[in-house]
Amino acid sequence: MKSSLAGTASSPAPAMPVEDADGKEPDGPMVLARVCGHGHANPPTRAQCSACGAVLLPDAVQVARPRLGRVRMSTGELLDLDQSLVIGRQPSVSRVQGGVMPRLVQVASPGGDISRSHVEVRLEGWHVMLCDLKATNGTVLVREGQPPRRLAQNEMAILLDGDIAELGDNISLRFEEIP
Ligand SMILES: [Zn+2]
């Protein structure tokens, strides 16, 4: 099971934060991590590196948070999880968390199933959370081995690798490489 992960490092993901077009917050959030000899950052609860399988150094250190996987959208778009996302038909944010602006991701909703700001993918520490934004038609979380489940209003769920969120209008998000 481990080998399927190890061989798929398609693009090297530098830990260096990249400055956004809006130019603020050049250094992103820090997390407590255990690193391997190659410098891969892992959640401190891990004993082995998820990228290369090496044993992790015993002491946890503060590092710039690495990418927490990515989102494969049913539209074909692939989004890196290096910042929070607000997804909807006409997304906006009313409240900025920790001074970092989430990325706004607009999706087409010809049937009107999708709310203006439908769902947020929020990064908190090492966790990737799926947060309902009081979407009118809600979001269905599909997890392997479990029946699909509709999020309650304002519910936040911790996402696992391979989870799928269905927003309506045939738009779905698949979460990949979640640590
Ligand atoms: Zn490693």
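Here, every reference points to the structure presented above.
Within each chain, residues carry numbers counting from 1 in the order of the written sequence. Selection of residues for local features in this predicted model requires a pLDDT of at least 70, selection of side-chain atom pairs for listing and counting requires 80 or more, and totals for whole chains, interfaces and linings are taken over all residues.

**Comments concerning the nonpolar core**
Stage number 1. Core analysis: the biggest nonpolar cluster contains 21 residues, and Leu81, Val119, Val121, Val128, Leu130 and Ala165 have the highest contact counts within it.
Stage number 2. Elements with a minimum of two residues in this core: β6 (85-88), β8 (119-124), β9 (127-132), β13 (164-168) and β14 (171-176).
Stage number 3. Not counting chain neighbours up to four residues away, the residues in contact with Ala165 comprise Val119, Leu130, Thr139, Leu141, Ser172 and Leu173. To define a nonpolar core, we join buried Ala, Val, Leu, Ile, Met, Phe, Trp, Tyr and Cys residues through C-beta atoms within 7 Å and take the resulting set. Exposed residues have 12 or fewer other C-beta atoms within 10 Å of their own C-beta, buried residues have 20 or more, and residues in between are partly exposed; the C-beta atoms are placed from the backbone. Every helix listed is a DSSP run of H or I at least four residues long, and every strand listed is a run of E at least two residues long, numbered separately from the N terminus. Contact criterion: two residues are in contact if their C-beta atoms, reconstructed from the backbone, are within 7 Å.

**Focus: the pairing of β9**
Stage number 1. Of the two faces of β9, the one lined by Val128, Leu130 and Asp132 is fully buried and the one lined by His127, Met129 and Cys131 carries no buried residue.
Stage number 2. Should DSSP find at least two bridges between two strands, the strands are taken to pair. Note that β8 and β9 share six bridges and pair antiparallel. Its bridge partner lying in β9, Arg122 is registered against Met129.
Stage number 3. Strand direction decides the pairing type here: β9 and strand β12 (residues 156-158), joined by three bridges, are antiparallel. Bridged to Cys131 within β12 is Met156.

**Notes on the environment of Met30**
Stage number 1. Note on placement: Met30 falls in strand β1 (residues 30-35).
Stage number 2. When the C-alpha atoms of Met30 and Val61 are compared, they prove to be 9.8 Å apart, with 31 residues separating the residues in sequence.
Stage number 3. In this view, Met30 contacts Gln62, Val63, Ala64 and Arg65; residues no more than four positions away in its chain are not counted.

**Comments concerning the sheet that holds β9**
Backbone hydrogen bonds hold the strands of a sheet together, and the pairing may be parallel or antiparallel.
Stage number 1. Read across the sheet, five strands follow the order β7-β6-β8-β9-β12 without closing on themselves; strand pairing throughout is mixed. The strands lining the two open edges of the sheet, one partner per strand, are β7 (103-106) and β12. Geometrically, the sheet is characterised by an average inter-axis angle of 20° between neighbouring strands, direction not taken into account. With axes taken as lines fitted to C-alpha atoms, and helix axes fitted only over the stretch in contact, angles between N-to-C directions fall between 0 and 180 degrees.

**Here we look at the sheet that holds strand β10 (residues 140-142)**
Stage number 1. Read across the sheet, six strands follow the order β5-β4-β14-β13-β10-β11 without closing on themselves; strand pairing throughout is antiparallel. Taken across any chain shown, the strands that pair with only one partner, and hence form the sheet edges, are β5 (78-80) and β11 (149-150).
Stage number 2. Inspection of the sheet shows β10 paired to β13 by three bridges, in the antiparallel sense. What sits directly across from Leu141, in β13, is Ala165.

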